[in-house]
Amino acid sequence: MSGQDKKVRGFGSSIRRMVGRKPAQKPDPAQAEQKAADDATARLVRQNTPGLLGTGSLSLCPLKPDDYQKAWLELHADPDIETYTELHSRLFTSLSHLLLDADATRCFYHFMKKSTPHVDLLRFWLSVRKLRKNADAEQSELLSSAMNIYSTFVSRNAPHSVGLENDVVSGVELALSPDDGRVTADCFDEAVDVVFARLERDFFPLFRDSALYVQYCLGVLAQPTLRVEDVVLNDEAFGYLLEFMEREAASILLHFWVAADSFHKQVQGGLAEGDARADAMGLYNRYFSLQACNPLGVDEKTRVDVENNICAEGGLTAACFQKPQHLVYTALQKHFFPLFRRSDLFAAYQRELTATLQHRLQSGGNQSGSNGSGSVPDTLDKDEEKSGDTTLAAAGTTAAAAAAA
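Not measured: the values here are computed from a predicted model.

Thoughts on the overall build of the protein
Phase 1: When you go through the protein residue by residue, the secondary structure sums to 18 helices and 0 strands.
Phase 2: Within the protein, contacts between residues at least 6 apart in sequence are counted, and of these 75% link residues at least 24 apart.
Phase 3: Element-wise, carbon and sulfur atoms account for 51% of the exposed surface of the protein, whose accessible area totals about 20500 Å².

Here it is as structure tokens:
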């Protein structure tokens, strides 16, 4: 028997002991009766809780059912998160994801201010976002804020003009003087879309190629708050985690999580019912079917719930695989990811980024940014003003060490 086989069997034995599965033996009548009562109680307790079988890839994780239950309750205690598929990586790969994170937004602001003459594009975008957040404000306050944005960034003689075409400016002016006299927070929608497209096309790629971006990534990796989605949802970092999971004979967990994430997004994006059901059946056959070669190892109730979700009379929904994805996410975050962070592969990824940072610093291109102690744009919210210092400070320390190496 290979070492890996022994490891897999050892973990499987641990899980079987954990959930009370023992080799078949002639039971004592009293013990059998007590066991039946205990099993009935356990079924009631776990009625709406994802569980765990003693076989499949999840059996490699020594977490207890209570760990999954606690994580499930924590997830649904946050009203802003419906499923794990809505999480994003702080090692962002798109501008839209960058702007969801306060630290990353601050870092991008410093890049725009230091390396380009077009920081007003970002300041305008942030100002409009702040206006939208205050959409329920009193009409006088909303109008005052909108007019300030217009006079600062949009009007034809604006001191910080973002260079909008005349027809876009005219559209904003019409929105600021509606027939009913009530201004709404969507008055800049067309203008902000134009500005976002320019930021995404002309400046985000430059930022990704800068030393400051690598500096920021190293700062994120050094934080104790680093989470599995930071790595899974970043193409470069994902490769290192996948190799680690292959070593652990548990790469199927990552493959399922990514596949379920893709399924969720496609269904939300309007995937046809027939195509969605076919994709869902493909995932079921690969990861849940009793004939699956490499099953996840979820409990029977979760497996049946997935079947019911796929065959629901009301139609298949994007949350079809929510519970098993929760199980996988919990196993990754609480067991495998801490092991990965202590592995040689995680260290190798950090070394690769450090080498990239050194190269960019020595090439004479974009230099590393400030440590976050400089001025903050008044268009960032207060929480964004404060939160950016941690990552940039950590990244500044890493950059200095790399430059001195």
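From this point, the narrative continues.
Some points on the pattern of salt bridges
Phase 1: Within the structure shown, the criterion is met by 14 salt bridges.
Phase 2: Residue aspartate 230 is joined to arginine 90 by a salt bridge in which the shortest nitrogen-to-oxygen separation is 2.9 Å. Here aspartate 230 is found in helix H11 (residues 228-232), whereas its partner arginine 90 is found in the loop between helix H3 (65-76) and helix H4 (95-98), with 140 residues between them in sequence. Arginine 90 carries the same exposure label as aspartate 230, and that label is buried.
Phase 3: Between aspartate 305 and lysine 301 there is a salt bridge whose closest N-O contact spans 3.0 Å.

Comments concerning unusual backbone geometry
Phase 1: Positive phi is not limited to glycine here, since alanine 249 has a value of about 60°.
Phase 2: Relative to the helices and strands, alanine 249 is located in the loop between helix H12 (235-247) and helix H13 (251-268).
Phase 3: Exposure remark for alanine 249: the relative accessible area of 36% places this residue in the partly exposed category.

Examining the environment of glutamate 248
Phase 1: Checked against the element boundaries, glutamate 248 lands in the loop between H12 and H13.
Phase 2: The buried category is assigned to glutamate 248, whose relative accessible area is 14%.
Phase 3: As a C-alpha pair, glutamate 248 and leucine 60 span 188 residues in sequence and 8.3 Å in three-dimensional space.

Thoughts on the packing of helix H6 (residues 119-133) against helix H7 (residues 139-154)
Phase 1: Contact geometry of H6 with H7 gives a least axis separation of 11 Å together with a crossing angle of 170°. One way to sum up the angle between H6 and H7 is to call them roughly antiparallel. Here Asp120, Arg123, Phe124, Ser127, Val128 and Leu131 of H6 lie close against H7, whose contacting residues are Leu142, Ser145, Ala146, Ile149, Phe153 and Val154.
Phase 2: Here the residues of the contact of H6 with H7 are counted per class, giving 8 nonpolar, 2 polar and 2 charged.

Quick look at helix H5 (residues 102-115)
Phase 1: For H5, with 14 residues, the first-to-last C-alpha span of 20 Å sits near the 20 Å given by 1.5 Å per residue.
Phase 2: Along H5, the positions that sit buried rather than exposed are Asp103, Ala104, Thr105, Arg106, Cys107, Phe108, Tyr109, His110, Phe111 and Met112.

Considerations on H12
Phase 1: Helix length check: H12, at 13 residues, gives a terminal C-alpha distance of 19 Å against a target of 18 Å (1.5 Å per residue), a fit within 8%.
Phase 2: Within H12 the residues assigned to the buried category are Ala237, Phe238, Tyr240, Leu241, Leu242, Phe244 and Met245.
Phase 3: For H12, the elements touching its buried residues are H11, H13, helix H16 (322-341) and helix H17 (344-362).
Phase 4: Where H12 begins, the capping side chain belongs to asparagine 234, and its oxygen is found 3.1 Å from the backbone nitrogen of glutamate 236.

Digging into the packing of aromatic side chains
Phase 1: One pass over the structure, following the stated rule, counts 21 aromatic pairs.
Phase 2: Taken together, a centroid distance of 6.1 Å and an interplanar angle of 80° make the contact between phenylalanine 124 and phenylalanine 188 edge-to-face. With phenylalanine 124 in helix H6 and phenylalanine 188 in the loop between helix H8 (166-175) and helix H9 (189-208), this residue pair connects regions lying 64 residues apart in the sequence.
Phase 3: Overall, the relative accessible area of 0% leaves phenylalanine 124 in the buried class.
Phase 4: Ring plane angle 35° and centroid distance 6.0 Å describe the contact between phenylalanine 337 and phenylalanine 340, whose orientation is recorded as tilted. A residue pair is termed a helical-turn pair when its members lie 3 or 4 positions apart in one helix, as phenylalanine 337 and phenylalanine 340 do in helix H16 at 3 residues.
Phase 5: A residue is classified by how much of its surface remains accessible, and phenylalanine 337, at 3% relative accessible area, is buried.

So, a negative patch on the surface
Phase 1: A cluster of like negative charges, contributed by Glu165, Asp167, Glu190 and Asp193, occupies part of the molecular surface.
Phase 2: Checked against the element boundaries, glutamate 165 lands in the loop between H7 and H8.

Comments concerning the confidence of the model for the protein
Phase 1: Mean pLDDT over the protein: 79, with 72% of residues reaching 70 or higher.
Phase 2: Summarising per-element confidence for the protein, the mean pLDDT is lowest in helix H1 (residues 3-18) (37) and highest in H9 (97).
Phase 3: Overall, residues 369-379 carries pLDDT values under 50, and its contacts beyond four positions in sequence, including any with other chains, amount to 27 contacts.

What counts, and at which threshold
- Residues numbered from 1 in each chain as written.
- Predicted model: local features only at pLDDT ≥ 70, side-chain atom pairs only at ≥ 80, totals over all residues.
- Heavy atoms only, no water.
- Helix = DSSP H or I, 4+ residues; strand = E, 2+ residues; numbered from the N terminus.
- Contact = heavy atoms within 4.5 Å.
- Areas by Shrake-Rupley, 256 points an atom, 1.4 Å probe, with all protein chains shown as cover.
- Salt bridge = Lys/Arg side-chain N within 4 Å of Asp/Glu carboxyl O.
- Buried < 20%, exposed > 50% of the residue type's maximum accessible area, 1.4 Å probe, protein only.
- Axes fitted to C-alpha atoms, helices over the stretch in contact; angles between N-to-C directions.
- Parallel < 35°, antiparallel > 145°, perpendicular 65-115°, else oblique.
- Nonpolar A, V, L, I, M, F, W, Y, C, P; charged D, E, K, R; others polar.
- Expected span 1.5 Å × (residues − 1).
- Polar contact = N/O pair within 3.5 Å; in protein donor to acceptor, adjacent residues only side chain to side chain.
- Phe/Tyr/Trp six-rings, centres within 6.5 Å; stacked < 30°, edge-to-face > 60°.
- Patch = residues over 30% accessible without salt bridge, like charges linked within 9 Å, V, L, I, M, F, W, Y side chains within 5 Å.
- Lys, Arg positive; Asp, Glu negative; His and termini not counted.
- Charge placed at Lys NZ, Arg CZ, Asp CG, Glu CD.
- pLDDT = per-residue confidence, 0-100.

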